[in-house]
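Single-letter residue listing:
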2 protein chains.
Amino acid sequence: MNLNRFQLENLSPPAELLNAVIQQITSHASVRSYRPDPLPPGALEVLVTAAQSASTSSNLQTYSIIAIEDAERRRLFAELTRNAHVADAPLFLVFCPDLHRLEVVCQRQGHPFADRYMDMFLQAVVDAALAAQNAAIAAESMGLGICMIGGIRNNVPKVAEVLRLPPRTFALVGMTVGYPATPPKIRHRLPLDVILHREVYSDDNLEEGLRRYDEVTAQSGIYAGRQVAVPSGATQATGASDAGAKGRAQGAPGEGGRQRQDPALYGWCEHSARRMARLNPDRAKLRQQLEMLGWEF
Amino acid sequence: MNLNRFQLENLSPPAELLNAVIQQITSHASVRSYRPDPLPPGALEVLVTAAQSASTSSNLQTYSIIAIEDAERRRLFAELTRNAHVADAPLFLVFCPDLHRLEVVCQRQGHPFADRYMDMFLQAVVDAALAAQNAAIAAESMGLGICMIGGIRNNVPKVAEVLRLPPRTFALVGMTVGYPATPPKIRHRLPLDVILHREVYSDDNLEEGLRRYDEVTAQSGIYAGRQVAVPSGATQATGASDAGAKGRAQGAPGEGGRQRQDPALYGWCEHSARRMARLNPDRAKLRQQLEMLGWEF
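Quick notes on the rules
- Going along each chain's sequence as written, the residues are numbered from 1 onward.
- Chains carry letters from A onward and ligands carry numbers from 1 onward, assigned in written order.
- Given that the model is predicted, a residue must reach a pLDDT of at least 70 before its local features are reported, and side-chain atom pairs must reach 80 or more before they are shown or counted; all residues, however, enter totals for whole chains, interfaces and linings.
- Side-chain numbers here rest on the full set of heavy atoms in the structure, without hydrogens or water.
- Stacked, tilted and edge-to-face are the three classes applied to pairs of Phe, Tyr and Trp rings, where Trp contributes its six-membered ring and a pair requires centres within 6.5 Å; stacked means planes under 30 degrees apart, edge-to-face means over 60, and tilted covers the rest.
- Starting at the N terminus, helices and strands are each numbered in turn, a helix being any DSSP run of H or I of at least four residues and a strand any DSSP run of E of at least two.
- Relative accessibility under 20% of the residue-type maximum defines a buried residue, over 50% an exposed one, and the middle range a partly exposed one, all with a 1.4 Å probe and only protein chains included.
- When DSSP finds at least two bridges between two strands, those strands are taken to pair.
- Lines fitted to C-alpha atoms define the axes, with helix axes restricted to the stretch in contact, and inter-axis angles between N-to-C directions lie between 0 and 180 degrees.
- Residues count as neighbours in contact if any of their non-hydrogen atoms are within 4.5 Å of one another.
- Here the expected span of a helix is defined as 1.5 Å times the quantity of residues minus one.

Bringing the packing of aromatic side chains into the picture now. Residues and elements named next belong to chain A. Under the criterion given, the structure shown has 14 aromatic pairs over all chains. Aromatic side chains Tyr213 and Trp268 sit 5.5 Å apart centroid to centroid with 55° between the ring planes, which places their arrangement in the tilted category. Of this pair, Tyr213 sits in helix H10 (residues 206-220) while Trp268 is found in helix H13 (residues 268-276), placing the two residues 55 residues apart along the sequence. Summarising the burial analysis for this pair, Tyr213 and Trp268 share the class buried.

Okay, structure coming up:
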């Protein structure tokens, strides 16, 4: 077993809790370069059975999985998602929230399809995501590598056309699956006490956690050659003070939290803030695109 | 290891693919009755580290996890979610999509928080769901049981108040965690060829799959005493014919698919159609509730 997250982050949990499943889960690293070798026979069905074993709201199973193995189509999805490795991995899975199936079932049973609200959209998205994560862990347990591809949402109408999606479905996330060409590197995450809150949400650990994570990520070199350019208008007060106002009203960090960091330190905070300072033009119309696919909010 | 999904559904995958991780994943069954026994020391941190090991879009980690162990608060959440076992399980986890943290980071770095579109909402929801599924598998690997609680969305404003959630966060899904009081039963799922599509989405296997699943679920007895009443207006043509029009236009099953089933057969189709024929009044205002919590679509 490669390095796992406990080792990477110098955590020392009780040894008796570190079973093979947890070792597997905490060894995840996204794989972006693949060998052309095909998957073992029957592997796809095992991955989908693992996906189907995830919890699903009211057992409605409001998702579909589309397996793309055709090389020509994988090249097309590599372009559409702007992820070259989609063309290299032998299998590309697309996880689709799916209310079309229930609509057919309502029609089949002679009942109206009445529950058309954002919560059903959320249920379908969560069903699809839980299934995707099970498939990811199952694949990694077979020695395969995976990478979740949010870029499948870069061109929602075109992807719906290529996948021949019926109304009330859409491609939420893709997943490349195949044998890693090179061993992937586990990424550091935010300190546990930034993600985990006790009884109530709290920002008490946030500033110290961000400071630590900035140091770790800056030192790790993951941003070498990947720095996001400072967006135009990044220094304008609007966004920041707007956020500040909301933050102050709702328990954001104190004065310390509002001090500008040393620009010499380009870590997760500066990288992520620059990322959020610009809207992703490919995604800005997502709601309208989903409404055109029959989704209701 | 208890029965797993391969055995339940009489599937016979290549034996060499059935490793311990896949056995674990395919043995999932939701647990709704718990022993009061506390979790092992350090288990919560292991579950959260497993959750943090899931893929997260652009490493933005747009989620938070709130651990509720206080008995009084668990009783409150049992009421709010209408799941009595939330009071019995020693741990209740709440998974929250979280853009508040990034807003604080933008403010901290002096950049505007510009990417405020539905895609960021989706990224945060998917991040939270992937983390939740990792925590679920990790918990089950320790011999604990879990149940995902969508009922946490029954009263979004009240839950946000009780958890002291800042703007741009919300409680997406809860999870009870504890030792099962009774061994849970794995539920049958839709046939694999209904969920899995090859290269393009297709309804070709749908009607036959629904027929098989209806028989299996009707025979399984899971709906005994749980039948959904026929909703008023269920026979009105509007919903059904509306769905039919969409269905016909978009490749729903043929005539066979539109024949009313024998009402004597109350299986997944009739149960799910009756469920979808009535809107869930607790959830109908979700979009407006989320907008009040600062979410933008």
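Past the structure itself, the notes keep going.
As a further point, take unusual backbone geometry. Unusually for a residue other than glycine, Asn10 of chain A sits at a positive phi of about 55°. Note that Asn10 of chain A resides in the loop between helix H1 (5-8) and helix H2 (20-25). For Asn10 of chain A, a relative accessible area of 70% corresponds to the exposed category. Backbone geometry at Arg168 of chain B places phi at a positive 65°, although glycine is not the residue there. Take Arg168 of chain B: it is sitting in the loop between helix H8 (156-162) and strand E4 (173-178).

As a further point, take the sheet that holds strand E3 (residues 145-149) of chain B. In spatial order, the strands read E5(A)-E1(B)-E2(B)-E4(B)-E3(B); together these five strands make up an open sheet with mixed pairing. Of all strands in the sheet, those bounded by a partner on one side alone are strand E5 (196-198) of chain A together with E3 of chain B. Shown here is a sheet whose adjacent strand axes are inclined to one another by a mean of 25°, direction ignored. Of the pairings in the sheet, the one linking strand E2 (residues 91-97) of chain B to E4 of chain B comprises five bridges and is antiparallel in character. Residue pairing for E4 of chain B: Leu93 of chain B is matched across the bridge by Met175 of chain B. Sheet strands touched by helix H3 (residues 43-52) of chain B: E5 of chain A together with strand E1 (63-68), E2 and E4 of chain B. Its angle to E1 of chain B, the strand with the most contacts, is close to 165°.

Residue and element names in this part refer to chain A. Looking at the element boundaries, Ile152 is found in the loop between strand E3 (145-149) and helix H8 (156-162). Judged by relative accessible area, which is 1%, Ile152 ranks as buried. Placed 21 residues apart in sequence, Ile152 and Val173 show a C-alpha to C-alpha distance of 6.0 Å. Leave out the neighbours within four places in its chain, and Ile152 touches Phe77, Thr81, Phe92, Val94, Val159, Ala171, Leu172, Val173 and Gly174.

Attention now moves to the environment of Phe113 of chain B. Residue and element names in this part refer to chain B. Summarising the element assignment, Phe113 is placed in the loop between helix H6 (100-109) and helix H7 (118-141). Overall, the relative accessible area of 3% leaves Phe113 in the buried class. Sequence separation between Phe113 and Glu199 is 86 residues; the distance between their C-alpha atoms is 38 Å.

All right, on to helix H7 (residues 118-141) of chain A then. Residues and elements named next belong to chain A. Helix length check: H7, at 24 residues, gives a terminal C-alpha distance of 35 Å against a target of 34 Å (1.5 Å per residue), a fit within 8%. H7 sits mainly inside the fold: 24 of its 24 residues count as buried. Positive phi appears at Gly143, one or two residues downstream of H7, with a value of about 85°.

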